Amino acid sequence: MAARTTIITCAITGSIHTPSMSPYLPYREEDIIAQSIAAALAGASVLHLHVRDPETGQPSADPTLFARVVARIRAGCDAVISVTTGGSAQMSLDERLAAPLAICPDLCSLNLGSMNFGLFPMAEKARDWQFDWEKPFLERSKDAIFRNTFADMERIIGLLGERCGTRFEFEAYDSGQLYNLAYMLDKKIVTGTPFVQFVMGILGGIGASVENLVFMKDTATRLFGDAIEWSVLPAGRAQMRLCTVAAVMGGNVRVGLEDNLWSGPGALSTSNAEQVEAIQQLLGTLFLETASPDQVRQRLELKRG
């Protein structure tokens, strides 16, 4: 029997960090494309994708921009592309769905519920803001909720599943959201083998610790047995530590500048590929092989697989 391989997802830019936080965060179209292809060549088999306004770096839901970026990434590598349906907490559901419905990707992210999504502490740090939108964008999260009701989730799954044959990267920000997924599996809203990301370290969700990772995995095992693919998405400084623990536990991993800007104390990551190379090295030290894009397509039951 072949050894199980580890799926590396790389989240390229996201909608959490702002350009003033790192000169290496890609927000121009060319930079997102270049960093995505470089991350894939470094060993990421899944690319989790947001786009941004190329002039200001503000999170964008523009379907035309998404289509151009996705097409050029696909032309440059074979990685699976997971297009966000989360966008940012300050977008409507229709805005968040516009690009996925236009592109019909194999894989999309899906947040498993509504939650407080607190970015405002990042606005408290003194810094030279490049753009006027950045600090207010972060501050508004103190009085905002990321919305994904059961009706919203059912709508996303129905539209993308029926129209596009899309599968999902389910993002669980706390243990209660795993029960949301269990409910949708029971009601046949979700079918097949779910791919679940344990999102840890976002203010409003579960904290990023080894104990909480074990708790999330134990909860998932009680609910789903072995009938899921699971991965960990740790935010900030816990990224590499918890990814390593998850890999030892038999899970998959996610890295990237969406989740963490740092490669070590006081040292900014210079690219997404740098983080992919770092987790590749750690996995190699543990004698773990990484999954190819074709292996991912087979395991996640993607349409092109």
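Refer to the structure printed above.
Let us look at the structure shown here. (Residues numbered from 1 in each chain as written. Predicted model: local features only at pLDDT ≥ 70, side-chain atom pairs only at ≥ 80, totals over all residues. Heavy atoms only, no water.)

Backbone phi values are negative for most residues with the exception of glycine, while trans is the configuration of most peptide bonds. Its identity as a non-glycine residue notwithstanding, Cys104 has a phi of 55°, on the positive side. Position of Cys104 among the secondary structure elements: in the loop between helix 3 (93-103) and strand 6 (107-111). The phi angle at Lys188 is positive, at roughly 65°, despite the residue not being glycine. On the secondary structure map, Lys188 appears in the loop between helix 6 (175-186) and strand 10 (195-200). (Helix = DSSP H or I, 4+ residues; strand = E, 2+ residues; numbered from the N terminus.)

Once that is clear, we can look at the state of the cysteines. Applying the stated criterion to the full structure yields 1 disulfide. There is a disulfide in this structure between Cys104 and Cys164, and the S-S distance comes to 2.3 Å. Judged by the torsion about the S-S bond (-45°), the Cys104/Cys164 disulfide is left-handed. Of the two residues, Cys104 sits in the loop between helix 3 and strand 6 while Cys164 sits in helix 5 (residues 150-164), which places them 60 residues apart along the sequence. By relative accessible area, Cys104 is classed as partly exposed at 23%. Of all cysteine sulfurs, the one in Cys243 lies closest to Cys10, which takes part in no disulfide; the gap is 11 Å. Its relative accessible area of 0% is what places Cys243 among the buried residues. (Disulfide = S-S within 2.5 Å. Buried < 20%, exposed > 50% of the residue type's maximum accessible area, 1.4 Å probe, protein only.)

Our focus in this paragraph is empty space enclosed by the protein. A complete count under the given rule lists 2 cavities of 30 Å³ or more for this structure. Of the pockets and cavities examined, the largest cavity occupies roughly 70 Å³. Surrounding the largest cavity, His50, Val51, Ser60, Ala61, Phe66, Thr84, Gly87, Met91, Glu95, Arg96, Ala99 and Pro100 form its lining. Here the element with the most residues in the lining of the largest cavity is helix 3; it accounts for 4 residues. (1 Å grid on protein atoms, 1.4 Å probe; cavity = no way out; pocket = protein on both sides within 12 Å on 5 of 7 lines; lining within 4 Å. Points joined across faces, edges and corners; volume = space filled by probe spheres on them.)

What follows is about the sheet that holds strand 2 (residues 46-49). Each strand in a sheet pairs with another by means of backbone hydrogen bonds, the pair being arranged parallel or else antiparallel. Spatially, the 8 strands close up into a barrel ordered 1-2-5-6-9-10-11-12, and their pairing is parallel. With direction set aside, neighbouring strand axes in the sheet form an average angle of 25°. Strands in contact with helix 1 (residues 29-42) are strand 1 (8-11) and strand 2; relative to strand 2, the strand with the most contacts, it is inclined by about 155°. The strands touched by helix 8 (residues 239-248) within the sheet are strand 10, strand 11 (229-234) and strand 12 (252-255), with strand 12 carrying the most contacts at an inclination of about 165°. (Pairing = 2+ DSSP bridges. Axes fitted to C-alpha atoms, helices over the stretch in contact; angles between N-to-C directions. Contact = heavy atoms within 4.5 Å.)

Let us look at the pattern of salt bridges. In this structure the tally under the stated criterion is 13 salt bridges. One salt bridge connects Asp259 with Arg254, and the closest N-O pair in it is separated by 2.9 Å. With a relative accessible area of 6%, Asp259 lands in the buried category. Of the residues examined, Arg254 reaches a relative accessible area of 1% and is grouped as buried. Each of Glu169, Glu171, Arg254, Glu258 and Asp259 takes part in salt bridges that share partners, so that together they form one network. (Salt bridge = Lys/Arg side-chain N within 4 Å of Asp/Glu carboxyl O.)

Another point: the environment of Ser271. Within the fold, Ser271 resides in the loop between strand 14 (267-268) and helix 9 (272-285). The residues touching Ser271, leaving out its near neighbours within four places in the chain, are Gln35 and Leu257. Here Glu274 takes part through its backbone nitrogen, which lies 3.0 Å from a polar atom of the side chain of Ser271. (Polar contact = N/O pair within 3.5 Å; in protein donor to acceptor, adjacent residues only side chain to side chain.)

Our focus in this paragraph is the packing of aromatic side chains. Summed over all chains, the structure comprises 6 aromatic pairs. For the pair Tyr27 and Phe131, a centre-to-centre distance of 6.1 Å together with 85° between the ring planes defines the contact as edge-to-face. Taken as a pair, Tyr27 in the loop between strand 1 and helix 1 and Phe131 in the loop between strand 7 (115-116) and helix 4 (134-139) lie far apart in primary sequence, 104 residues in all. We classify Phe131 as buried; its relative accessible area is 17%. Between Trp133 and Phe137, the aromatic rings sit 5.3 Å apart at their centres with planes inclined by 80°, giving edge-to-face as the arrangement. Take Trp133: its relative accessible area is 11%, and that puts it in the buried class. On the basis of relative accessible area, Phe137 is assigned to the buried category, the value being 5%. (Phe/Tyr/Trp six-rings, centres within 6.5 Å; stacked < 30°, edge-to-face > 60°.)

What follows deals with the layout of surface pockets. Here the second largest pocket defines a volume of roughly 170 Å³. Lining the second largest pocket are 16 residues, and of these Thr166, Arg167, Phe168, Val190 and Thr191 lie nearest its centre. The dominant element in the lining of the second largest pocket, judged by the number of residues it contributes, is helix 5, at 4 residues. For the lining of the second largest pocket, a count of residues per class yields 9 nonpolar, 5 polar and 2 charged. (Nonpolar A, V, L, I, M, F, W, Y, C, P; charged D, E, K, R; others polar.)

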